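Residues per chain, in single letters:
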Amino acid sequence: NIDQSSIYTNKLMLNHSFSSIKVTFSFFGLSMEEDDKFCLEYILDENSEWKKRKCWRGFVDFENKVWYDNTSIKINVEDAQSVRVRFRCEGGNNRDDVLFDMVQIQGLK
């Protein structure tokens, strides 16, 4: 179930004031295998489907039991009234976890 394996923001009002946002966060993978991943996704103005901005695969992009701090990704939000952001885990079983901390979202002009 996507909702059970996701964390996401409420609608963030942009009012066409920003060209992009920067999402900065720390994460810690636990029991993630090579075919498991987590993705950063977003939706603009809630008029479309969630879009993947970037995915991280276990053993390819990160190792388990290691904190990765200050990971930053920019998302183009030009001409958008609002945005929502979510992290979604695509694991193979119930023991696949990703812990998140220090999530910050900053508007950029």
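Here, the structure is the one placed above.
Chains are numbered independently. Their residues run from 1 in the order of the written sequence. For this predicted model, a pLDDT threshold of at least 70 governs which residues receive local features, and a threshold of 80 or more governs which side-chain atom pairs are given and counted, while totals over whole chains, interfaces and linings are taken from all residues. In computing side-chain values, all of the structure's heavy atoms are included and hydrogens and water are not.

A. Structural detail: the state of the cysteines. When two cysteine sulfur atoms lie within 2.5 Å, the pair is treated as a disulfide. Under the criterion given, the structure shown has one disulfide. Paired through a disulfide, Cys39 and Cys55 show a sulfur-sulfur distance of 2.1 Å. Of note, the bridge from Cys39 to Cys55 carries an S-S torsion of about 100° and is right-handed in sense. With Cys39 in strand 4 (residues 37-44) and Cys55 in strand 5 (residues 51-57), this pair connects stretches of sequence that are 16 residues apart. Buried means the residue's accessible area, taken with a 1.4 Å probe over protein chains only, is under 20% of the maximum for its type, while exposed means over 50%, and partly exposed covers the values in between. A relative accessible area of 22% means that Cys55 is categorised as partly exposed. Cysteine Cys89 shares no disulfide, and the gap to the nearest cysteine sulfur, in Cys39, comes to 8.9 Å. The buried category is assigned to Cys89, whose relative accessible area is 18%. What counts as a helix is a DSSP run of H or I of at least four residues, what counts as a strand is a run of E of at least two, and both are numbered from the N terminus.

B. Geometry of the pattern of salt bridges. We count a salt bridge whenever a side-chain nitrogen from Lys or Arg sits within 4 Å of a carboxyl oxygen from Asp or Glu. A full pass over the atoms with the stated rule returns six salt bridges. Measuring nitrogen to oxygen at the nearest pair gives 3.5 Å for the salt bridge that ties Glu90 to Lys52. Remark: Lys52 occurs in strand 5 and Glu90 occurs in strand 7 (residues 82-90); sequence separation between them is 38 residues. Assessed through its relative accessible area of 23%, Glu90 is described here as partly exposed. Three or more residues are tied together by salt bridges with common partners; here these are Lys37, Glu41, Lys52, Arg86, Arg88 and Glu90.

By themselves these figures say nothing about function.
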